[in-house]
Amino acid sequence: MIQKLFTSPLNLVVKVGEKVKEEVDKELYDLETIQKKLVHLQMMYELEEIPEDVYKTQEEELLLRYEVAKKKEMEQWNELTKR
């Protein structure tokens, strides 16, 4: 009983940490999210809401994240198909 009192807060922190990591991974490596950000970025540039240098910098970052996300997706697919 006493052990449960001490470990419950720790378990809660671990669960919150896992959820935060999941959301961060989604933001950073979710292909659909990255695609939406690329479209939004392009629209902002075309509407002259951001300068070209900002557009190019952010586009490059998003494309690198897209490449990493695609690699992760392919690795997951390969793991699933090995079984």
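Residues numbered from 1 in each chain as written. Predicted model: local features only at pLDDT ≥ 70, side-chain atom pairs only at ≥ 80, totals over all residues. Heavy atoms only, no water.

Let's talk about the side chain of Arg65
Here is the rule: Runs of E in the DSSP output that reach at least two residues are strands. Runs of H or I that reach at least four are helices, and both are numbered from the N terminus. Buried means the residue's accessible area, taken with a 1.4 Å probe over protein chains only, is under 20% of the maximum for its type, while exposed means over 50%, and partly exposed covers the values in between. The contact criterion used throughout is that any non-hydrogen atoms of two residues lie within 4.5 Å.
In this fold, Arg65 is placed in helix 3 (residues 52-82). Given the relative accessible area of 13%, Arg65 is considered buried. When sequence neighbours within four positions are dropped, the list of residues in contact with Arg65 reads Glu27, Leu28, Tyr29, Ile34 and Lys37.

Re the packing of aromatic side chains
Here is the rule we go by: In this scheme Phe, Tyr and Trp rings, the latter by its six-membered ring, pair at centre separations within 6.5 Å, and the angle between planes marks the pair as stacked below 30 degrees, edge-to-face above 60, and tilted otherwise. By definition here, charges over rings are those cases where NZ of Lys or CZ of Arg is within 6 Å of the ring centre and within 35 degrees of the ring normal.
As enumerated under the stated definition, the model contains one aromatic pair in all. Between Tyr45 and Tyr55, the ring centres sit 4.5 Å apart and the planes meet at 15 degrees, which makes this aromatic pair stacked. With Tyr45 in helix 2 (residues 31-46) and Tyr55 in helix 3, this residue pair connects regions lying ten residues apart in the sequence. Classification of Tyr55 by relative accessible area gives buried; the value is 12%. A cation over a ring is seen here: Lys72 above Tyr29, with NZ or CZ 4.4 Å from the ring centre.

With respect to the pattern of salt bridges
Test applied: Between Lys or Arg on one side and Asp or Glu on the other, a salt bridge is scored when a side-chain nitrogen of the former is within 4 Å of a carboxyl oxygen of the latter.
Applying the stated criterion to the full structure yields eight salt bridges. A salt bridge links Glu23 to Lys19; the shortest N-O distance between them is 3.6 Å. Taken together, the residues span about one helical turn, with Glu23 and Lys19 both in helix 1 (residues 2-29) at a distance of four residues. Taking the relative accessible area as the measure of exposure, Glu23 reaches 41% and is therefore partly exposed. A relative accessible area of 44% places Lys19 in the partly exposed class. Three or more residues joined by partner-sharing salt bridges are found here, namely Lys19, Glu22 and Glu23.

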